[in-house]
Amino acid sequence: MSDALDAYDSDNIFAKILRGQMTAHTVFEDAMTFAFMDIMPRADGHCLVIPKTPARNIFDASAEQLATCMLTVQLISRAARLAFAAEGITIQQFNERAGGQVVFHLHYHVLPRHAGVSLRPHTGQMEKTEILSANADKLRAALAKL
Ligand code: 5GP
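These figures come from a predicted structure and were not determined experimentally.

Strand S2 (residues 33–37) sits mainly inside the fold: 5 of its 5 residues count as buried. Side-chain alternation along S2 places Thr 33, Ala 35 and Met 37 on one buried face and Phe 34 and Phe 36 on a second face that is also buried. Both strand S1 (residues 26–29) and S2 contribute to a ladder of 3 bridges, which runs antiparallel. Among the inter-strand pairings, Phe 28 is bridged to a residue of S2, identified as Ala 35. With antiparallel pairing between neighbouring strands as the criterion, S1 and S2 make up a hairpin whose turn holds 3 residues. Bridging between S2 and strand S3 (residues 47–51) involves 5 bridges; their strand directions are antiparallel. Opposite Thr 33, over in S3, you have Pro 51 as the bridge partner.

Spelled out as structure tokens, the structure:
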């Protein structure tokens, strides 16, 4: 293993979404963070939280990126609990290929959970845009009530 991390690649999918070069179903944004629907949801309402500034993952992220993302993760978790009557929330965050990371811009998965319902496997199947849009609407409506 080399000690050096691969450099941040500004052509990753999430960087393109942040630059408006690819579309996403936006749920929330503030000065430092951005939240949007995962295109291949492993649970209904699966949302991603990312910093607006470049970070590959946990290894190079700044304290400010980590702190602001976690506050947005908490906000989205509270909204998801309301929006989807979630009984629990699973937070996931993967680092480097061996850690399960596929997109190399720091991101947190916020997964609404219900007792007895397993997470769906990574099928590579994209969700219908109407469903992603409806779930983003539900999350935004819930955020407005917090
Ligand atoms: P990870 O890097 O944490 O393993 O997974 C990356 C996540 O990004 C996956 O859950 C995948 O479904 C999601 N994803 C990949 N490409 C896109 C995309 O173009 N748009 C959105 N909204 N999500 C994506």
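Here we take up the site of the ligand. Near the ligand there are 18 residues, and of these Asp 38, Gly 100, Val 102, His 107 and His 109 occur at the shortest range. Between an oxygen atom of the ligand and a side-chain N or O atom of Asp 38, the distance comes to 2.5 Å. Interatomic distance of 2.5 Å between a side-chain N/O atom of His 107 and an oxygen atom of the ligand. Taking 520 Å² as the accessible area of the ligand by itself, protein coverage stands at 93%.

Conventions adopted
- By convention here, each chain's residues receive numbers from 1 onward along its written sequence.
- For a predicted model such as this one, the threshold for reporting local features is a pLDDT of at least 70, and the threshold for listing and counting side-chain atom pairs is 80 or more; totals across whole chains, interfaces and linings nevertheless cover every residue.
- Hydrogens are left out, water is left out, and the side-chain values use all remaining heavy atoms of the structure.
- Buried, partly exposed and exposed residues are distinguished by accessible area as a fraction of the type maximum, computed with a 1.4 Å probe on protein chains only: under 20%, between the cut-offs, and over 50%, respectively.
- A run of H or I in DSSP counts as a helix once it spans at least four residues, and a run of E counts as a strand once it spans at least two, with each numbered from the N terminus.
- For two strands to be treated as a pair, DSSP must find no fewer than two bridges joining them.
- Summary of the distance rule: residues count as near a molecule or strand when at least one heavy atom falls within 4 Å of that molecule or strand.
- Two N or O atoms form a polar contact when they lie within 3.5 Å of each other; inside protein one atom must be a possible hydrogen donor and the other a possible acceptor, and for residues adjacent in sequence the pair counts only when both atoms belong to side chains.
- Surface exposure here means Shrake-Rupley accessible area, sampled with a 1.4 Å probe, where a residue is shielded only by the protein chains that are shown.

These figures capture arrangement, not role.
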